[in-house]
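# Reading the structure
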Amino acid sequence: MLRFLFAAGLALASQPVHCKTIPISQPEQKFIYCVEGMCSPLSNLFLHRLGIPLNTHHTCQHNNHYALTFDDGPSRNFKKVLDLLASEHIQATFFVVGQNLAALDQGGLQLLKQAYEAGHEIANHSYSHKDLTKQTPQDILQELGTTRDLILKILGDHEKTQFTSSIIRPPFGYTNFSVQELLEKNGYTVVRWNADRFDWRENQAVQRQIIIDRVMQQFEQIDLNLTEADNKSILDLNHDFSEATLTALPDMIKLIKARGYQFVTMTECLLGDAENERKRSGTKDH
Ligand SMILES: [Zn+2]
């Protein structure tokens, strides 16, 4: 089981983080968890017993939320993905790698700013994409803090960017209890996923249709395994460098919309109504 979980693909820095870590609200609530074409109904409590820390997010708060996320960029396909998302009027979240940000030219920096201004969120996927569970606490904080500082430097140091740059997806999804404790203590919110279609393995013949089939599979398994008391949200994992995902994206979006899901960014996914309530009341808790 552990191999199944981790095969799907989880461990700071110059400035202290001032955000609050968001706890899992219903640890025992079931959700669907898919790796390649294989899905199982799991819960955070179940995963916790297998060694994944309890406050690692795998889903959104709301049943009808779909968080579309892209890791490892910004890549050569970043603009193409942004154009596709714009044509569908939906926002996504990009978990970026710090060293990719450091290498951006003026055009790349401009594109990242445009993405942010279009409502997409830029979250943190470490600086050099190393397994955090194999690093020292100092190195972990350096990896995440440097990337966080880069995001703030490029997009501006705002309440919003402070929050999103502190949302961490550990490289490969590798995490453990000591990594989680360190990250929580430093104000980071840790996120994995509940649908990994292995689009990063496209050189092993993962093609567009396979990606589409796996999206359909996750919905079929929700219908078969979950009840109204369960969490039907999807927090997926894509890579913007993947040609398979790029070509599958328009049909993926149609399928997701046809199921009645609302596309959300990670902030909306994690905070649910709390974010809207916060905006309405004007309170600032990050
Ligand atoms: Zn990655």
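Okay, so let's go over this structure. (Residues numbered from 1 in each chain as written. Predicted model: local features only at pLDDT ≥ 70, side-chain atom pairs only at ≥ 80, totals over all residues.)

## Brief notes about the overall build of the protein chain
To be explicit about the condition: Runs of H or I in DSSP of at least four residues are treated as helices and runs of E of at least two as strands, each being numbered from the N terminus. Note on burial: count the other C-beta atoms lying within 10 Å of the residue's C-beta; 20 or more is buried, 12 or fewer is exposed, in between is partly exposed, and C-beta positions come from the backbone.
Tallying secondary structure elements over the protein chain gives 12 helices and 12 strands in all. Counting only residues that meet the buried cut, the protein chain has 46% of its 286 residues in that class.

## Description of the packing of helix α9 (residues 208–225) against helix α10 (residues 243–258)
For the record, the criterion: Every axis corresponds to a line fitted to the C-alpha atoms, with the helix fit spanning only the stretch in contact, and the corresponding angles, defined between N-to-C directions, vary from 0 to 180 degrees. By convention the crossing between two helices is left-handed if the near helix lies anticlockwise of the far one by an angle smaller than a right angle, and right-handed if it lies clockwise. By definition, residue pairs are in contact when their C-beta atoms, positioned from the backbone, come within 7 Å. Under the scheme applied, nonpolar residues are Ala, Val, Leu, Ile, Met, Phe, Trp, Tyr, Cys and Pro; charged residues are Asp, Glu, Lys and Arg; polar residues are all the others, including Gly.
It is the contact of α9 with α10, at a shortest axis distance of 8 Å, that shows an interaxial angle of 35°. Regarding α9 and α10, the two cross each other, and that crossing is right-handed. Judged by residue contacts, R208, I211, I212, V215 and M216 of α9 engage A244, T245, T247, A248, D251, M252 and L255 from α10. A per-class count over the contact of α9 with α10 returns 8 nonpolar, 2 polar and 2 charged.

## Considering α10
Rule in force here: Helix span, as expected, comes to 1.5 Å for every residue beyond the first. Bend, in this description, refers to the angle at a residue between axes fitted to the seven residues ending there and the seven starting there.
With 16 residues, α10 should reach 22 Å at 1.5 Å per residue; the first-to-last C-alpha distance of 24 Å fits that figure. At L249, α10 shows its largest bend, some 55°, and a proline, P250, comes one to four positions later. Of all the positions in α10, only A244, T245, L246, A248, L249, M252, I253 and I256 are classed as buried. Contact partners of the buried residues in α10: β4 (65–67), α3 (78–88), α9 and β11 (234–239). Following α10 by one or two positions, G260 has its phi on the positive side, about 85°.

## Re the pairing of strand β6 (residues 93–96)
To keep things clear, this is the line we draw: A pair of strands is considered paired only if DSSP assigns at least 2 bridges between the two. Viewed with both strands pointing away, a crossover whose connecting path from the first strand over the helix to the second turns clockwise is right-handed.
Burial of the side chains of β6 extends over both faces: T93 and F95 are buried on one face and F94 and V96 on the other. Both strand β5 (residues 69–73) and β6 contribute to a ladder of 4 bridges, which runs parallel. Residue pairing in the sheet places G73 in a bridge with V96 of β6. Where the polypeptide runs from β5 across α3 and back to β6, its parallel neighbour, the crossover connection is right-handed. Here 4 bridges tie β6 to strand β7 (residues 121–124), and the two strands are oriented parallel to one another. Bridge pairing in β7 places F94 opposite I122.

## Brief notes about the packing of α3 against α10
Test applied: Note that the term roughly parallel is reserved for angles under 35 degrees, roughly antiparallel for angles over 145, roughly perpendicular for angles of 65 to 115, and oblique for everything else.
At their nearest, the axes of α3 and α10 sit 10 Å apart, and the two run at 15° to each other. Viewed along their axes, α3 and α10 adopt a mutual orientation that is roughly parallel. Along this stretch, α3 crosses α10, giving a crossing that reads as right-handed. Residue-level inspection shows K80, V81, L84 and E88 of α3 in contact with α10, the latter providing L246, L249, P250 and I253.

## Some words on the environment of H57
Note that H57 resides in strand β3 (residues 56–57). C-alpha of H57 to C-alpha of V191: the two residues are 134 residues apart in sequence and 4.6 Å apart in space. If sequence neighbours within four positions are ignored, H57 has contacts with I24, T189, V190, V191, R192 and L270.

## Looking at the nonpolar core
Put simply, the rule reads: What makes a nonpolar core is a set of buried Ala, Val, Leu, Ile, Met, Phe, Trp, Tyr and Cys residues, with links drawn between C-beta atoms within 7 Å.
With 61 residues, the main nonpolar core has A67, F94 and I122 as its most contacted residues. Counting residues per element, this core draws most heavily on α10, at 7 residues. Those residues in contact with A67 that sit more than four places away from it in its chain are C60, T93, L235, D236, V264, M266 and C269.

## Description of unusual backbone geometry
Residue P74 is reached from G73 by a cis peptide bond, and omega for that bond is -5°. If you trace the backbone, P74 turns up in the loop between β5 and α3. Positive phi is not limited to glycine here, since H129 has a value of about 55°. Under the C-beta neighbour-count criterion, H129 is labelled partly exposed, with 17 such atoms within 10 Å. Phi at F172 is positive, roughly 65°, even though this residue is not glycine. Residue position: F172 is located in the loop between β8 (167–168) and α8 (177–185).

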